[in-house]
Amino acid sequence: MVNEYPQALTIAGSDSDGSAGMQADLHTFFVRKVYGMSVITACVAGNSYGIHDSVNMPEHFINQEFKDLDDDFDIKAAKTGMLSDAKLINIVVDNYKKYNFGPLIVDPVIVTKHGAMLLETEAFETLKEKLVPLATVITPNFYEAEKLADMTINNDKDVEKSAQILKNMGAKNVIIKGKHVAGETKEVKDYVLLESGEDFWITGPYYDTTHKNGTGDSLSAAITAEIAKGKSVKEAIIIADEFVDAAIKNGIEVGHKFGPINHWAATKLDK
């Protein structure tokens, strides 16, 4: 039957070395057994040493991507990745409101895991006001949660408070990825606040490795994949967390410096 197979969409930039962005999302979709599609918003030239150039796709091209996917396919869930400026965020928001691509998982790529700001003020405000309220699930890291909630997080109670602020902004479900410091962190704690009000912590070991590119992309993509397959948000988050843990723990040596996680290692998670 046409379109019987579960389909998921990534709305993100292309990362030429395959470790993050759209490529990491599609790796994840494939391993989690959903058919992955993409709306490419930008292209990045880079390798394991760093990013060296980038270009945004034209508005007419992004609009056409959305239309063509809607004309033919039955997408059950979608996610966003890096959206570099306010114009790009507005284009994505307008199209997502126009077409029915199911629940939206927002990976708010605002601040790096080391605390460096990635978005200019206008883009950040546009993301906060227009994209966050569309999120079925939002997946900020520790620093992104601080920025979005406009508060300093000092302890677990602060994490819980920031998640509630994100819910009040319109996101239905929140997972805040735990802070970690190389050489110091032994355990990582992610906090989950569901639409129902249920909340819980997911705790696991910290792996001190330089091969962690695409971790956030892969987590949000795995949540997207599981929701596309019909799992509940809670089930999707738990499976996605296990998936990323396995992919980091069982590393893959690709690139000379900062490399990708190993999506293949998580293929045994048959859920």
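In short, a report on the structure. (Residues numbered from 1 in each chain as written. Predicted model: local features only at pLDDT ≥ 70, side-chain atom pairs only at ≥ 80, totals over all residues. Heavy atoms only, no water.)

Concerning the overall build of the protein chain
Under the convention used in this document: Starting at the N terminus, helices and strands are each numbered in turn, a helix being any DSSP run of H or I of at least four residues and a strand any DSSP run of E of at least two. We compute the radius of gyration over the C-alpha atoms and compare it with the globule rule, which gives 2.2 Å times the number of residues raised to the power 0.38. Using a 1.4 Å probe on the protein chains alone, a residue whose accessible area is under 20% of its type maximum counts as buried, one over 50% counts as exposed, and one in between counts as partly exposed. Here a residue-residue contact requires only that any non-hydrogen atoms of the pair lie within 4.5 Å. Every accessible area reported is derived by Shrake-Rupley at a probe size of 1.4 Å, with residue values counting cover from the shown protein chains alone. Positive charges come from Lys and Arg alone, negative charges from Asp and Glu alone, with His and the N- and C-terminal ends not counted. Where a charge lies is defined by one atom per residue type, namely NZ (Lys), CZ (Arg), CG (Asp) and CD (Glu).
Of regular secondary structure, the protein chain possesses eight helices and nine strands. Relative to the globule expectation of 18 Å for 271 residues, the C-alpha radius of gyration of the protein chain, 17 Å, shows essentially globular dimensions. If you line up the protein chain on its principal axes, its C-alpha atoms span 50 × 40 × 40 Å. Per-residue burial for the protein chain yields a buried fraction of 52% across its 271 residues. In the protein chain, once contacts between residues fewer than 6 apart in sequence are set aside, the share between residues at least 24 apart is 67%. Accessible surface computed for the protein chain: about 12700 Å², of which carbon and sulfur atoms make up 51%. Positive and negative side-chain charges of the protein chain, numbering 28 and 40 respectively, have mean locations separated by a distance of 4 Å.

Things to note about the pairing of strand β4 (residues 75-80)
This is how it is decided: Being paired, for any two strands, means DSSP has found at least two bridges between them. Looking down the strands as they point away from you, a crossover is right-handed if its path from the first strand over the helix to the second goes clockwise.
Most of β4 is tucked away: five of the six residues are buried. For strand β1 (residues 7-15) and β4, the ladder comprises five bridges, and the chain directions are parallel. Looking at the pairing, A8 lines up with A77 of β4. Alignment of β4 against strand β5 (residues 104-106), held across three bridges, turns out to be parallel. Each bridged residue has a counterpart across the sheet, and for A78 the counterpart in β5 is L104. Between β4 and its parallel partner β5, the chain crosses via helix α3 (residues 86-98), and the hand of that crossover is right-handed.

Concerning the environment of G102
Along the chain, G102 falls in the loop between α3 and β5. Each C-alpha atom of the pair G102 and A77 lies 4.5 Å from the other, and the pair is 25 residues apart in sequence. For G102, the contacting residues outside a window of four places in its chain are I75, K76 and Y96.

Describing the environment of L166
Structurally, L166 can be placed in helix α6 (residues 156-168). Assessed through its relative accessible area of 0%, L166 is described here as buried. Filtering out sequence-adjacent residues up to four positions away, L166 remains in contact with I138, P140, L148, A149, A171 and V174.

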